[in-house]
Amino acid sequence: MPMQTTWKGTISFGLVSIPVHLYSATQEHDVPLHQVHAKDGGRVRMKRYCEREEKEVPYAEIAKGYESPDGRTVTLTDEDLADLPLPSKKIIDVLAFVDAAEIDPLMFSKAYYVGVADKGAAKPYALLRDALVDSGQIAVTKIALRTRESPAVLRVHDGTLVLQTCIWPDEVRPAAGIAPEEDVKVRPQELKMARSLMETLSEDFDLSQLHDDYQLALQQVVQARLEGVEIPHEEEPGEAPDNVIDLMEALRSSLKQAKVAHGGDGDGGAGEEGPAPPRKRATTAKKAASASPKAAAQPKAAEKKTTTGKTTARKTSATRRAS
């Protein structure tokens with residue numbers, strides 16, 4: 001099934017014009033649900049009701065309105081919105097080329113595939129696409145879609161230009177006060193163990209294999225309702241600990257579980273991730289012994305004292321027999 005065109009216009013790249021069409025690059029899948037009366041299952045529908053005339057009005061008579069602070073209402077028709085003096089209504093004007101890292105991913109919104117509108121646009125299309133690939137950069141632009149103008153970027157995905165709309169920089173809320181404010185120190189051993197856990201979890205990871213468990217579970221519930229059978233239930237997951245007492249032990253246990261899940265031997269305590277607890281205790285005992293030479297020498301002294309006492313006793317006994 002061919003994709004439906006979302007927008008028609010032109011990419012302006014300096015004096016180069018590229019007639020293009022936009023197509024939605026993504027689609028969301030879900031189980032279609034609608035509102036019903038919980039008591040009897042009757043369909044609940046939303047009606048467009050005019051408060052002034054106290055009657056339902058057809059969709060064709062619906063327009064957009066703006067209420068001013070003093071209570072006055074301004075009605076805006078589709079023609080008013082279509083005639084807004086915006087160059088970005090039909091032109092994607094390339095403003096600059098920047099490194100992708102300069103755009104915060106928080107700003108990214110919806111993605112559209114960019115296709116050529118005619119055969120004559122193939123050469124300039126390929127030129128812009130190859131220039132982006134060769135430079136490793138993305139193009140910053142603006143576009144007006146429906147009733148909103150947005151900043152956007154042009155980048156390349158699978159040999160195709162993609163236009164990704166963004167929100168405006170001042171629409172990103174500040175993150176101040178969200179992260180812990182106290183000065184938290186992370187030990188090098190903890191960081192090293194965390195990196196080992198990250199590497200283990202990432203082994204053979206394939207993003208394309210992810211699926212929507214929620215939609216699957218919802219479909220199972222719907223099917224059970226249709227068939228009049230018991231709704232499937234999963235076991236309640238155990239509660240997560242509300243406080244990590246020993247971060248290293250938690251990391252070590254997580255690494256062990258991850259290795260087992262990835263087909264390893266589960267030995268998360270040895271190697272470069274960090275010393276295993278038994279080795280640590282042996283090393284500690286050895287250090288304690290070497291740090292206390294007097295305590296280590298005490299058994300030998302007692303043994304020497306006992307040997308000397310036995311020798312003296314034998315000598316005394318022999319003298320008595322001789323006399």
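Since we're looking at a predicted model, the values are computed, not measured.

## A few points about the overall build of the protein chain
And step 1. Along the protein chain, the regular secondary structure elements total 7 helices and 12 strands.
And step 2. In the protein chain, buried positions account for 21% of the 323 residues.
And step 3. Expressed as a percentage of contacts within the protein chain between residues at least 6 apart in sequence, the contacts between residues at least 24 apart total 58%.

## Some details on the confidence of the model for the protein chain
And step 1. Averaged over all residues, the pLDDT of the protein chain is 80; the fraction at 70 or higher stands at 78%.
And step 2. Strand S12 (residues 160–166) holds the highest mean pLDDT among the elements of the protein chain, 97, whereas helix H6 (residues 277–291) holds the lowest, 41.
And step 3. Confidence over residues 268–323 falls short of pLDDT 50; this stretch has 18 contacts with residues more than four positions distant or in other chains.

## Digging into the environment of Lys 8
And step 1. Mapped onto the elements, Lys 8 comes out in strand S1 (residues 5–13).
And step 2. Between the alpha carbons of Lys 8 and Lys 90 there is a distance of 6.9 Å; along the sequence they are 82 residues apart.
And step 3. Look past the residues within four positions of Lys 8 in its chain and what remains in contact with it is Val 20, His 21 and Lys 90.

## Some thoughts on the sheet that holds strand S2 (residues 16–24)
And step 1. Read from one edge of the open sheet, 8 strands run S7-S1-S2-S9-S12-S11-S10-S8, paired in mixed fashion. Looking at strand neighbours, the two that pair on one side only are strand S7 (91–93) and strand S8 (96–99), the edges of this open sheet. Across the sheet, the axes of successive neighbouring strands diverge by a mean angle of 40°, strand direction being ignored.
And step 2. In terms of strand pairing, S1 meets S2 through 8 bridges, oriented antiparallel. For Phe 13, the partnering residue across the bridge sits in S2 and is Val 16.
And step 3. Contacts from helix H2 (residues 122–135) reach S1, S2, S8, strand S9 (108–116), strand S10 (137–145), strand S11 (148–157) and S12, with the element oriented near 75° to S11.

## Re the packing of aromatic side chains
And step 1. In this structure the tally under the stated criterion is 1 aromatic pair.
And step 2. Relative to Phe 97, the ring of Phe 13 lies with its centre 5.7 Å away and its plane at 70°, an arrangement referred to as edge-to-face. With Phe 13 in strand S1 and Phe 97 in strand S8, this residue pair connects regions lying 84 residues apart in the sequence.
And step 3. Seen from the ring of Tyr 112, Lys 110 lies directly overhead, with NZ or CZ sitting 5.7 Å from the centre.

## Considerations on the layout of surface pockets
And step 1. One number sums up the size of the largest pocket: a volume of about 580 Å³.
And step 2. Cys 50, Glu 61, Ala 63, Thr 73 and Thr 75 are the residues nearest the centre of the largest pocket, which is lined by 15 residues in total.
And step 3. Elements with a contribution of two residues or more to the lining of the largest pocket: strand S3 (49–50), strand S5 (64–67) and strand S6 (73–76).
And step 4. Residue contributions to the lining of the largest pocket peak at 4 residues, all from S5.
And step 5. Class assignment for the residues of the lining of the largest pocket results in 7 nonpolar, 3 polar and 5 charged.
And step 6. In terms of lining residues, the second largest pocket is bounded by 14 residues, among which Leu 81, Ala 82, Lys 89, Arg 146 and Thr 147 are the most central.
And step 7. When contributions to the lining of the second largest pocket are tallied by element, the ones reaching two or more residues are helix H1 (78–82), S10 and S11.
And step 8. If one sorts the elements of the lining of the second largest pocket by residue count, H1 sits on top with 3 residues.
And step 9. Classifying every residue of the lining of the second largest pocket by side-chain character gives 7 nonpolar, 1 polar and 6 charged.

## A short note on the pairing of S12
Two faces belong to every sheet, and in a regular strand the side chains alternate between them.
And step 1. Most of S12 sits inside the fold, with 6 of its 7 residues counted as buried.
And step 2. Pairing analysis gives 4 bridges linking S9 to S12, with the strands arranged antiparallel. Bridge pairing in S12 places Phe 108 opposite Cys 166.
And step 3. In the sheet, S11 pairs with S12 via 6 bridges, with the strands oriented antiparallel. Directly across from Val 156, in S12, lies its bridge partner Leu 161.

## What to know about H2
And step 1. With 14 residues, H2 extends 20 Å from end C-alpha to end C-alpha; this agrees with the ideal 20 Å at 1.5 Å per step.
And step 2. Among the residues of H2, Pro 124, Tyr 125, Ala 126, Leu 128 and Leu 132 are the ones counted as buried.

## Remarks on a negative patch on the surface
And step 1. Together, Asp 78, Glu 79, Asp 80 and Asp 83 make up a negatively charged patch on the protein surface.
And step 2. Mapped onto the elements of the fold, Asp 83 is located in the loop between H1 and S7.

The rules behind these values
Residues numbered from 1 in each chain as written. Predicted model: local features only at pLDDT ≥ 70, side-chain atom pairs only at ≥ 80, totals over all residues. Heavy atoms only, no water. Helix = DSSP H or I, 4+ residues; strand = E, 2+ residues; numbered from the N terminus. Buried < 20%, exposed > 50% of the residue type's maximum accessible area, 1.4 Å probe, protein only. Contact = heavy atoms within 4.5 Å. pLDDT = per-residue confidence, 0-100. Pairing = 2+ DSSP bridges. Axes fitted to C-alpha atoms, helices over the stretch in contact; angles between N-to-C directions. Phe/Tyr/Trp six-rings, centres within 6.5 Å; stacked < 30°, edge-to-face > 60°. Lys NZ or Arg CZ within 6 Å of the ring centre and 35° of its normal. 1 Å grid on protein atoms, 1.4 Å probe; cavity = no way out; pocket = protein on both sides within 12 Å on 5 of 7 lines; lining within 4 Å. Points joined across faces, edges and corners; volume = space filled by probe spheres on them. Nonpolar A, V, L, I, M, F, W, Y, C, P; charged D, E, K, R; others polar. Expected span 1.5 Å × (residues − 1). Patch = residues over 30% accessible without salt bridge, like charges linked within 9 Å, V, L, I, M, F, W, Y side chains within 5 Å. Areas by Shrake-Rupley, 256 points an atom, 1.4 Å probe, with all protein chains shown as cover. Salt bridge = Lys/Arg side-chain N within 4 Å of Asp/Glu carboxyl O. Lys, Arg positive; Asp, Glu negative; His and termini not counted. Charge placed at Lys NZ, Arg CZ, Asp CG, Glu CD.

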